[in-house]
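Letter by letter, the chains look like this.
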Amino acid sequence: MKTALITGATSGIGLSTTQLFLKRGYRVVMVDLDDVLGQMIKKELDETGYEGKVFFKQGDVSSSKSMEDLYNYTKTFVGQIDVIINNAGIFCPGELHEVSEEMWDRVMSVDVKGIYLTTKYFVPDMIQRRAGVILNTASISGLQGDYNMAAYNAAKGAVVNLARAMALDYGKYGIRVNNVCPGPCMTPMFERNPDELVREFEQASPVGRICTPEEVAQALYFLAGDEAQACTGINLPVTTGFGLHTGQPI
Ligand code: NAD
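Residues numbered from 1 in each chain as written. Predicted model: local features only at pLDDT ≥ 70, side-chain atom pairs only at ≥ 80, totals over all residues.

- Per an unreviewed UniProt entry, the chain goes by 3-oxoacyl-[acyl-carrier-protein] reductase and derives from Ligilactobacillus ceti DSM 22408.

**Quick notes on the overall build of the chain**
- Of regular secondary structure, the chain possesses eight helices and seven strands.
- Across the 250 residues that make up the chain, the buried fraction comes to 46%.
- Considering only intrachain contacts with a sequence separation of at least 6, the fraction spanning at least 24 residues in the chain is 73%. (Helix = DSSP H or I, 4+ residues; strand = E, 2+ residues; numbered from the N terminus. Buried ≥ 20, exposed ≤ 12 C-beta atoms within 10 Å, placed from the backbone. Contact = placed C-beta atoms within 7 Å.)

**Some points on the pairing of strand 7 (residues 235-238)**
- The alternating pattern of strand 7 places Asn235 and Pro237 and Leu236 and Val238 on opposite faces, both of which are buried.
- Where strand 6 (residues 175-182) and strand 7 come together, four bridges link them in parallel fashion. By the bridge assignment for strand 7, Asn179 is matched with Asn235. (Pairing = 2+ DSSP bridges.)

**Concerning the site of the ligand**
- Near the ligand lie 28 residues; those nearest to it are Gly8, Gly12, Gly89, Thr187 and Met189.
- Listed by contribution, the elements that provide at least two residues to the shell around the ligand are helix 1 (12-23) and helix 6 (188-191). (Near = placed C-beta within 6 Å.)

**Here we look at the environment of Ala167**
- One can find Ala167 in helix 5 (residues 150-170).
- Classification of Ala167 as partly exposed rests on a count of 19 C-beta atoms within 10 Å.
- Put simply, Ala167 and Ile234 are 67 residues apart on the chain and 8.7 Å apart in space, counted from C-alpha to C-alpha.

**Observations regarding helix 4 (residues 101-129)**
- Under the 1.5 Å per step criterion, the end-to-end length of helix 4 is 40 Å for 29 residues, consistent within 8% with the ideal 42 Å.
- Of all the bends found along helix 4, the most pronounced is centred on Phe122 and spans about 45°, while Pro124, a proline, follows it within four residues.
- At its buried positions, helix 4 is contacted by strand 1 (3-7), helix 3 (64-77), strand 4 (83-86), strand 5 (132-137), helix 5 and strand 6. (Expected span 1.5 Å × (residues − 1). Bend = angle between axes of the 7 residues up to and from the residue.)

**Some remarks on the environment of Tyr170**
- Checked against the element boundaries, Tyr170 lands in helix 5.
- On the neighbour-count criterion, Tyr170 (20 C-beta atoms within 10 Å) is buried.
- When near neighbours in sequence (up to four residues on either side) are disregarded, Tyr170 contacts Ile175 and Val177.

**Quick word on the nonpolar core**
- Judged by nonpolar contacts, the single largest core of 67 residues is most densely connected at Ala4, Leu135, Ala151, Val180, Val216 and Leu220.
- When residues in this core are grouped by element, the largest group, 10 residues, is from helix 5.
- Beyond its immediate sequence surroundings of up to four residues, Leu220 is in contact with Thr17, Ile85, Leu135 and Val180. (Core = buried A, V, L, I, M, F, W, Y, C linked by C-beta atoms within 7 Å.)

**Considering helix 8 (residues 213-224)**
- Over its 12 residues, helix 8 runs 16 Å from end to end, which matches the ideal 16 Å to within 8%, given 1.5 Å per residue.
- Every buried residue of helix 8 is accounted for by Pro213, Val216, Ala217, Ala219, Leu220, Tyr221, Leu223 and Ala224.

**Structural notes on unusual backbone geometry**
- Phi is positive for Arg130, close to 60°, though the residue is something other than glycine.
- By secondary structure assignment, the location of Arg130 is in the loop between helix 4 and strand 5.
- Phi at Thr240 takes a positive value of approximately 50°, unusual for a residue other than glycine.
- Assignment of secondary structure puts Thr240 in the segment after strand 7.
- For Thr240, a count of 23 C-beta atoms within 10 Å puts it in the buried group.

**Quick word on the pairing of strand 2 (residues 27-32)**
- Counting buried positions along strand 2 gives six out of six residues, so the element sits mostly inside the fold.
- Side-chain alternation along strand 2 places Arg27, Val29 and Val31 on one buried face and Val28, Met30 and Asp32 on a second face that is also buried.
- Examined bridge by bridge, strand 1 and strand 2 share five bridges and lie parallel to one another. The residue of strand 2 that forms the bridge with Leu5 is Val29.
- Tracing the backbone out of strand 1, into helix 1 and back to the parallel element strand 2 gives a crossover that is right-handed.
- Examined bridge by bridge, strand 2 and strand 3 (residues 54-58) share five bridges and lie parallel to one another. The partner of Met30 across the bridge, within strand 3, is Phe56.
- Viewed along the sheet, the connection from strand 2 through helix 2 (residues 35-50) into strand 3 turns out right-handed. (Right-handed = clockwise from strand over helix to strand, strands pointing away.)

Pasting the structure below:
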């Protein structure tokens with residue numbers, strides 16, 4: 001039975017991914033800032049038949065100490081980690097000059113440094129075993145620019161290129177590295193937008209809707225598995241076609 005470590009696991013894409021991976025026979029280590037919600041979800045999952053298969057550890061992906069504690073926790077209570085899913089991420093609106101230094105540092109720390117830190121602590125074991133899969137939740141906002149979210153574009157752009165660089169470096173150890181790039185996705189992060197804006201996003205997709213967290217989870221599940229052996233260094237858009245348009249008038 002394989003084990004996946006999923007960050008940002010108590011909400012949205014991370015929660016759907018946790019549920020799908022458990023359903024498909026993985027053990028899952030959930031990691032999130034939110035201790036109360038994490039403990040509650042773990043208890044619910046235990047009660048629905050996943051006792052012994054689901055673990056929760058409160059953690060902050062941007063903190064080296066916290067990720068070192070997480071690594072030590074998995075060594076003691078879980079064992080081998082086969083798949084790392086760096087999903088925790090925060091959004092940062094605003095034109096670049098409006099973004100506070102604190103917020104710039106925060107978005108870079110969570111969205112980018114978080115990936116560095118799980119790599120620092122967990123990848124040496126994968127290198128030793130000559131096997132492993134690393135997946136990141138990047139974004140369509142890492143592949144293209146957006147109005148009014150330059151810091152987020154910069155952070156997710158870094159994640160997009162990290163998958164390529166890590167795939168190059170770690171291929172020789174049998175480790176694959178891939179990203180999913182969701183378009184707007186109906187999670188608590190996105191639902192904070194006003195209803196009219198959500199409608200506008202839906203209308204901008206050729207299929208008239210935005211993607212669901214379950215659909216992103218399915219893409220992550222594919223990339224984690226042996227069916228995706230030939231995929232490494234890719235950025236897979238999961239977008240319902242959102243963002244395909246050049247912007248030319250119809
Ligand atoms: P969400 O806000 O619903 O969930 C994010 C989770 O990450 C939360 O549970 C939060 O507590 C946790 N988290 C935040 N900071 C953390 C930290 N420092 N350490 C550990 N956990 C932390 O968001 P979501 O929409 O499910 O987003 C998941 C990922 O998908 C993010 O990386 C986001 O950037 C990306 N994404 C989302 C969308 C979208 O439209 N929702 C689109 C593209 C990409």
